Amino acid sequence: MVEVLIVIAVLLLVVAILLPQLLRPRMQRARGERISCMNSLKQVGLAFRIWQGDNNDKFPMNVSVTNGGTMELVEGGTAWRHFQVMSNELNTPKFLLCPADVDSNRRRATCWTCALNERYEQIPFLGNTNTSYFVGVDAVGTNPTMFLAGDRNLAVKNVALPPGLHSLGTNEMVGWTKELHVNQGNILMADASVQQFSPASLQKAFENTGVATNRLAIP
């Protein structure tokens, strides 16, 4: 019995020594993916700002379709449309898919209007499955605390928000799912800054967006 206990103790010691080393690469990869996601959202924020500057300081969601915006498309809840109209500003749709997004139904688009050709890795941007980011459809540049875009893995009362348009009051219990960044997430604010939020800090930021209802188009 003593020998068995000694063996168990030695094994536990070995595990305690090796486990952090085994987990380190995974943690570093997750951190790298989140930083890459933040950089992508910064590019999205820049595109929104450029588009805004060319359209009387309004985001696409506040401009009529006839004038190149997406106002009439908001109620449809299709997040990808708001990115599509900024194709000139975004240059490429590649970074609209977070590197941590491993959903098998989602694909990284490589071009905006090209014909699908998997042989040459040409994948057009055609829908919500080509993006990982939601859009705050009521965001305005004059209210920097509003959510303009962010990671799609939002949850209310620990239930993931499905694709579509959601109207959420500031008293909602919002948080993150384990998908993408494991109960963490990135948000692009209306002033084009990108912030990392834990569930607690997300809840606080959501309560201080300055509006009673936040409408988010989830892809």
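Residues numbered from 1 in each chain as written. Predicted model: local features only at pLDDT ≥ 70, side-chain atom pairs only at ≥ 80, totals over all residues. Heavy atoms only, no water.

### A short note on the pattern of salt bridges
Line of reasoning, step 1. Evaluated as defined, the whole model comprises seven salt bridges.
Line of reasoning, step 2. The residue D101 makes a salt bridge to R152 at a minimum N-O spacing of 2.8 Å. Taken together, the positions of D101 in the loop between α3 (87-90) and β1 (133-136) and R152 in the loop between β2 (147-151) and β3 (154-156) put the pair 51 residues apart, joining distant regions of the chain. In this pair, the class of D101 matches that of R152, namely buried.
Line of reasoning, step 3. The salt bridge partner of E179 is R152, with a shortest N-O separation of 2.6 Å. Pair noted here: E179 is in the loop between β6 (174-176) and β7 (185-189) and R152 is in the loop between β2 and β3, with a separation of 27 residues, a long-range link.
Line of reasoning, step 4. Given a relative accessible area of 34%, E179 falls into the partly exposed group.
Line of reasoning, step 5. Taken together, the salt bridges that share partners define one network made up of D101, D103, R106, R152 and E179. (Salt bridge = Lys/Arg side-chain N within 4 Å of Asp/Glu carboxyl O. Helix = DSSP H or I, 4+ residues; strand = E, 2+ residues; numbered from the N terminus. Buried < 20%, exposed > 50% of the residue type's maximum accessible area, 1.4 Å probe, protein only.)

### Regarding the nonpolar core
Line of reasoning, step 1. Among the nonpolar cores identified, the biggest contains 34 residues, and V44, F48, M61, F83, L90, L96 and L188 are the most heavily contacted of them.
Line of reasoning, step 2. The dominant element in this core, judged by the number of residues it contributes, is helix α1 (residues 2-53), at seven residues.
Line of reasoning, step 3. Dropping the residues within four chain positions of it, L90 is found in contact with Q43, V44, A47, F83, F95, L96 and W112.
Line of reasoning, step 4. If you look at the next biggest cluster of nonpolar residues, it comprises 16 residues, including V174, M189, L216 and I218. (Core = buried A, V, L, I, M, F, W, Y, C linked by side-chain atoms within 4.5 Å. Contact = heavy atoms within 4.5 Å.)

### Observations concerning the sheet that holds β3
Line of reasoning, step 1. Strand order in the open sheet formed by three strands is β4-β3-β6, with antiparallel pairing between adjacent strands. Edge positions in the open sheet fall to β4 (159-160) and β6, since each of these has one partner strand only.
Line of reasoning, step 2. Where β3 and β6 come together, three bridges link them in antiparallel fashion. Bridge pairing in β6 links A155 to G175.
Line of reasoning, step 3. Contacts from helix α4 (residues 199-207) reach β3 and β6, with the element oriented near 145° to β6. (Pairing = 2+ DSSP bridges. Axes fitted to C-alpha atoms, helices over the stretch in contact; angles between N-to-C directions.)

### Digging into the environment of L216
Line of reasoning, step 1. In this structure, L216 sits in strand β9 (residues 213-218).
Line of reasoning, step 2. Relative accessible area serves as the criterion here: at 2%, L216 is assigned to the buried category.
Line of reasoning, step 3. On a C-alpha basis, the gap between L216 and L148 in space is 8.8 Å, while along the polypeptide they are 68 residues apart.
Line of reasoning, step 4. Every residue in contact with L216, bar those within four places of it in the chain, is listed here: F134, V135, G136, L154, G164, L165, H166 and L168.

Worth remembering: the numbers are spatial, not functional.
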